[in-house]
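# Close look at the chain arrangement
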Amino acid sequence: MNKNLLLIFTRNPELGKCKTRLASTIGDEAALNIYKFLLQHTVAITKDLEVDKQVHYSVKIREDDYWDKAYFSKRQQKGDDLGIRMQHAFEEGFASGYKHIIIIGSDMYDMDAKNIEEAFQSLQSHDFVIGPAIDGGYYLLGMNRLLPSLFSDKEWGTDTVLKKTLENLNGSSVKVLAEKNDIDYEEDLNDFPVFDQFLN
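Residues numbered from 1 in each chain as written. Predicted model: local features only at pLDDT ≥ 70, side-chain atom pairs only at ≥ 80, totals over all residues. Heavy atoms only, no water.

Grouped together as the largest cluster of nonpolar side chains are 26 residues, with contacts concentrated most on Leu6, Trp67, Ile102, Ile104, Ile116 and Leu140. Within the residue set of this core, elements represented by two or more residues are β1 (4–10), α2 (28–46), β2 (52–57), β4 (100–104), α4 (113–122) and β6 (138–143). Other than its neighbours up to four places away in sequence, Ile104 contacts Leu6, Leu7, Ile8, Phe9, Thr42, Thr46, Met111, Ile116, Tyr139 and Leu140. Membership of the second largest hydrophobic core comes to 20 residues, among which are Phe9, Phe90, Tyr98 and Phe151. (Core = buried A, V, L, I, M, F, W, Y, C linked by side-chain atoms within 4.5 Å. Buried < 20%, exposed > 50% of the residue type's maximum accessible area, 1.4 Å probe, protein only. Helix = DSSP H or I, 4+ residues; strand = E, 2+ residues; numbered from the N terminus. Contact = heavy atoms within 4.5 Å.)

In structure tokens, the structure reads:
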């Protein structure tokens with residue numbers, strides 16, 4: 001068994017139900033196409049990583065989709081809010097015997113395999129690792145031990161999440177990765193010409 005586990009949280013790609021903030025200005029169909037593109041990017045940067053990988057579905061596990069079972073095991077997210085769902089996934093991972101666990105989303109174009117490898121490497125010398133997002137959230141969170149306070153008293157999806165998470169980690173051994181831009185609003189697409197194809 002690999003000691004390293006990568007948790008990938010994903011939404012089912014359904015029209016009108018993903019990237020809703022982005023869809024509010026570019027439309028549901030364009031937002032869905034961008035989300036599918038981001039899913040494929042996430043598959044590409046994670047499938048060959050030498051860690052165990054679990055995809056945690058928001059609504060329903062899909063058997064025949066982008067996440068090939070040869071590379072990814074599939075789970076259902078459990079809980080009423082994002083914090084509870086993430087905490088449950090970490091608890092399950094540690095209970096299964098994993099020593100180093102990292103969680104990412106499935107819609108981060110500004111990330112590659114080396115970033116994730118660096119994050120796992122940092123857990124050899126730090127208890128926690130976090131990747132701050134420009135919008136005040138984070139795109140990656142990793143740990144060697146469960147800290148439940150990281151998953152409570154957060155307004156998920158707001159610009160306060162990173163600040164409150166770092167407050168929870170105050171006094172712990174933390175590696176802070178490079179800040180990156182995630183895709184939530186139309187202006188977030190401007191840094192990446194690859195998305196122009198979906199906006200015409």
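Continuing now.
Residues of α4 that are buried include every one of Asn115, Ile116, Ala119, Phe120 and Ser122, and no others. Burial along α4 is one-sided: seen end-on, the buried residues are contained in an arc of 160°. Facing away from the buried side of α4, by more than 90 degrees, are the exposed residues Lys114 and Gln121. Looking at the buried positions of α4, the neighbouring elements they touch are β1, α2, β4, β5 (128–132), β6 and β7 (174–176). Structurally, the start of α4 carries an N-cap: the backbone nitrogen of Lys114 is 3.1 Å from a side-chain oxygen of Asp112. (Arc of directions from axis to C-beta. Polar contact = N/O pair within 3.5 Å; in protein donor to acceptor, adjacent residues only side chain to side chain.)

For the rest of this paragraph, the subject is the side chain of Thr165. With respect to the helices, strands and loops of the structure, Thr165 is situated in helix α5 (residues 161–168). Look at Thr165 and you get buried, because its relative accessible area is 0%.

An ideal rise of 1.5 Å per residue puts 20 Å on 14 residues; helix α3 (residues 82–95) measures up with 20 Å between its terminal C-alpha atoms. Taken together, the buried positions of α3 are occupied by Gly83, Arg85, Met86, Gln87, Ala89, Phe90 and Gly93. Check the buried side of α3 and you find it contacts β1, β2, β4 and β6. Its side-chain oxygen placed 3.1 Å from the backbone nitrogen of Gly83, Asp81 serves as the N-cap of α3. Taken from the residues just after α3, Gly97 is the one with a positive phi, measuring 110°. (Expected span 1.5 Å × (residues − 1).)

Confidence along the protein chain averages 94 in pLDDT terms, with 99% of residues attaining 70 or more. No element of the protein chain has a lower mean pLDDT than helix α1 (residues 20–26), which averages 92, and none a higher one than β4, which averages 98. (pLDDT = per-residue confidence, 0-100.)

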